[in-house]
Amino acid sequence: MSSHADDSRQESFRELLRSLRVWDTELPRFDPGSAPAGPLPLFQQWLREAAEAGVPEPHTMSLATADADGRPSVRTLMLHDADERGWHFATHRTSRKGRDLAARPQAALGFYWAAVGRQVRVRGTVTAASAAESRADLAKRSTGALAAALVGHQSETLASLADLARASDAAWERAHREPDAPADTWTLYMLEADEVEFFQGDAQRRHVRLDYRRTEDGSWTRELLWP
């Protein structure tokens, strides 16, 4: 009986997956011939257009890293900036992703904006900013972001939610009292891309993929990819 119930639940789940619609709306067109020489201006334009289209939190992204043994991890976090130095994000250097980056300073980012059927994939080498720049980055963020940073212990084992509540209350109180309080392990990272791919979805599955690759002299080459 239990096995039959499990099979029914699994089939129900499969039916749910098959019923979900993708891009049930008009999608923008993308002419790769009009793309700029480098990926940064196009990325900034696409993120802005995603925000204007009402995509919630368009600056959220997936960050993929690997540990010293090559085991991958992926998580969602916020983009802090994107400029000539790279794509900026921050975390505790003692966290799992911080330890991964210390062991293997390569990573990949993924952005997906469903309302416009677009995604961007970024891959490259990650470097840590100075302590002063990391602190300045944290100072620009919200009180809640500072409080979360002050809690610390990211990725460590948590004994109970009560312990988290106590630590969070103390961190919020300090964040309000000391808006420039340091979080010593909080680190700003920059991913310098060697490849950036732009994907424009199409309802007829004629997706447009434009791939930028950095050359040895620091310039970019562009090529289309089959979807």
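A few points on the structure. (Residues numbered from 1 in each chain as written. Predicted model: local features only at pLDDT ≥ 70, side-chain atom pairs only at ≥ 80, totals over all residues. Heavy atoms only, no water.)

**Topic: a nonpolar patch on the surface**
What counts is decided by this rule: Here the term patch refers to residues with relative accessible area over 30% and no salt bridge, with like charges joined within 9 Å and nonpolar side chains (Val, Leu, Ile, Met, Phe, Trp, Tyr) within 5 Å. With residues, only the protein chains shown are counted as cover, and all accessible areas are computed by Shrake-Rupley using a 1.4 Å probe. Each salt bridge in this description consists of a side-chain nitrogen of Lys or Arg and a carboxyl oxygen of Asp or Glu lying within 4 Å of one another. We count a stretch as a helix when DSSP gives it H or I for four or more residues in a row; a strand needs E for two or more, and each element gets its number in order from the N terminus. Each residue is assigned to one of three classes by its accessible area relative to the maximum for its type, calculated with a 1.4 Å probe on protein chains only: buried under 20%, partly exposed between the two thresholds, exposed over 50%.
A surface patch of nonpolar side chains, amounting to about 390 Å² of accessible area, comprises Phe-13, Leu-16, Leu-17 and Leu-20. Mapping Leu-20 onto the fold places it in the loop between α1 (2-19) and α2 (39-52). Look at Leu-20 and you get exposed, because its relative accessible area is 51%.

**Description of the layout of surface pockets**
Note the following rule: Cavities and pockets are defined on a 1 Å grid built over the protein atoms alone: a cavity is a set of grid points where a 1.4 Å probe fits but cannot escape, while a pocket is an open set with protein on both sides within 12 Å along at least five of seven lines, and lining residues are those with an atom within 4 Å of any such point. Grid points are joined across faces, edges and corners, and a volume is the space filled by probe spheres set on the points. Under the scheme applied, nonpolar residues are Ala, Val, Leu, Ile, Met, Phe, Trp, Tyr, Cys and Pro; charged residues are Asp, Glu, Lys and Arg; polar residues are all the others, including Gly.
Looking at the largest pocket, its volume works out to about 470 Å³. His-92, Ala-148, Gly-152, His-153 and Gln-154 are the residues nearest the centre of the largest pocket, which is lined by 24 residues in total. Taken together, the elements giving at least two residues each to the lining of the largest pocket come down to β2 (72-78), β4 (86-92), α5 (143-151) and α6 (161-177). Across the lining of the largest pocket, the residue classes tally to eleven nonpolar, eight polar and five charged.

**Focus: the side chain of Ser-95**
What counts here: Here a polar contact means two N or O atoms within 3.5 Å. Within protein one must be a hydrogen donor candidate and the other an acceptor candidate, and residues neighboring in sequence count only if both atoms are side-chain atoms. Contacts: residue pairs with any heavy atoms within 4.5 Å of one another.
Considering the arrangement of structural elements, one finds Ser-95 in the loop between β4 and α3 (96-103). What makes Ser-95 buried here is its relative accessible area of 0%. In terms of polar contacts, Ser-95 uses its side chain to reach the backbone amide nitrogen of Gly-98, at 3.2 Å. The residues contacting Ser-95, other than those within four sequence positions of it, are Gln-154 and Ser-155.

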